[in-house]
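Structural overview
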Amino acid sequence: MANSKFEYVKQFEQPDNLLPNTWVVVRIDGRGFTKFSTKYGFEKPNDKRALELMNAAARAVMAELPDITIAYGVSDEYSFVFHKTCSLFERRSSKLVSTIVSTFTAYYVHFWSTHFPETPLSPPLPSFDGRAVCYPTVQNLRDYMSWRQVDCHINNLYNTTFWALIQLGSIDATEAEKTLKGTYAADKNEILFSKFGINYNNELEMYKKGSVVFRDYELVEPGTHNTTIEADNLAEPAQQSKTQAENDRKRRAKARIVVEHLDIIKDEFWDRRPWLLS
Ligand code: ATP
Ligand code: ATP
Ligand code: MG
Ligand code: MG
Ligand code: MG
Ligand code: MG
Ligand code: MG
């Protein structure tokens, strides 16, 4: 485009490139989903259709953006992890976040009728906010993922017990809250079992563990590979790693994207899928 006297305004744009060589996590979260879930009659504590809709949207986002390594979702939130070598949009935060948020929202709306055929969407429509955070080491990234999954577990155990007290125990929310105040996990398990015959272990894995979305390659048998987390910090020859990175990118783009409900806190998940963090 030709220069104009107006063009100086471009200089007001601030750079927001994220720190190089760090794992970028973009976490999105449904805006006002407490209200939204009531409006559309989500089952409490877990509406399966709503979670599967979140997973379908996340899967579509991953299919469109091969730079995403793995994603983790629970409730109305999803975290998308960009590989530390990712150079999409020159790592500009606003570009990455806005692209994820709008792609996710578009698919959420697109897939809505498949998951809620009886309740058409009407304004106010679902929307999501998003942020990007950089994690410098694999350990930091894994701790981030663990943090989200622990949160899922704590909230789900609480919510499962809370709603059992209300739905099966016929007490109101205030009383249920009072009953659970100061209780530990063991107490909640006990309430569920002794009062309602519910064994928490038998709850759906999707509710207990959340959802992990990743590209599926051949699994590595436990104990047979020698890649370690520390390898992440070793310098690589620049030339070789460029071709390698390009090959990886192509392979990644072709792989099947799966949604599973696995433990991502323990080493096993990562040890068996070394391509996720290498
Ligand atoms: P904010 O805009 O600040 O995020 P919010 O109302 O969305 O506000 P969150 O902390 O994100 O607050 O909580 C999400 C809400 O959506 C919770 O109340 C949760 O119970 C509800 N929710 C999300 N997914 C489901 C689901 N699959 N089934 C039942 N309820 C759900
Ligand atoms: P990027 O992802 O970098 O933004 P882009 O292809 O969207 O790539 P833009 O610079 O945003 O590039 O240009 C928008 C493109 O969409 C142009 O090619 C423009 O001609 C086309 N376009 C947008 N709106 C219209 C419209 N209403 N009618 C015809 N063409 C349109
Ligand atoms: Mg444009
Ligand atoms: Mg929020
Ligand atoms: Mg929310
Ligand atoms: Mg939330
Ligand atoms: Mg454009």
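Note that the structure is a prediction, hence the values are computed from the model and not measured.

Focus: the site of ligand 1
Taken together, 15 residues are adjacent to ligand 1, and Phe-33, Thr-34, Phe-42, Asp-47 and Ala-50 come closest. Per-class residue counts for the shell around ligand 1 are 4 nonpolar, 6 polar and 5 charged.

Looking at the nonpolar core
In this structure, Val-26, Ala-58, Ala-71, Phe-80, Val-81 and Phe-104 are the most contacted members of the largest nonpolar core, which totals 41 residues. In terms of residue count, helix 2 (residues 48-64) provides more of this core than any other element does, 8 residues in total. Each residue touching Ala-58, except ones within four places of it in the same chain, is listed here: Ala-71, Gly-73, Tyr-78, Phe-104 and Val-213.

Digging into the confidence of the model for the protein chain
Mean pLDDT for the protein chain: 92, with 91% of residues reaching 70 or above. Taken as a whole, residues 226-238 scores under 50 in pLDDT and shows 7 contacts with residues more than four places along the chain or in a different chain. Both scores are available for the predicted complex, with the pTM at 0.91 and the ipTM at 0.95.

Some details on the environment of Leu-96
Relative to the elements of secondary structure, Leu-96 occurs in helix 3 (residues 93-115). Linking Leu-96 and Met-206, residues 110 residues apart in sequence, is a C-alpha distance of 27 Å. Contact partners of Leu-96, with chain neighbours within four places excluded, come to Val-24, Val-26, Leu-88, Phe-89 and Ala-132.

Calculation criteria
- Residues numbered from 1 in each chain as written.
- Chains lettered and ligands numbered in written order.
- Predicted model: local features only at pLDDT ≥ 70, side-chain atom pairs only at ≥ 80, totals over all residues.
- Near = placed C-beta within 6 Å.
- Nonpolar A, V, L, I, M, F, W, Y, C, P; charged D, E, K, R; others polar.
- Core = buried A, V, L, I, M, F, W, Y, C linked by C-beta atoms within 7 Å.
- Buried ≥ 20, exposed ≤ 12 C-beta atoms within 10 Å, placed from the backbone.
- Helix = DSSP H or I, 4+ residues; strand = E, 2+ residues; numbered from the N terminus.
- Contact = placed C-beta atoms within 7 Å.
- pLDDT = per-residue confidence, 0-100.

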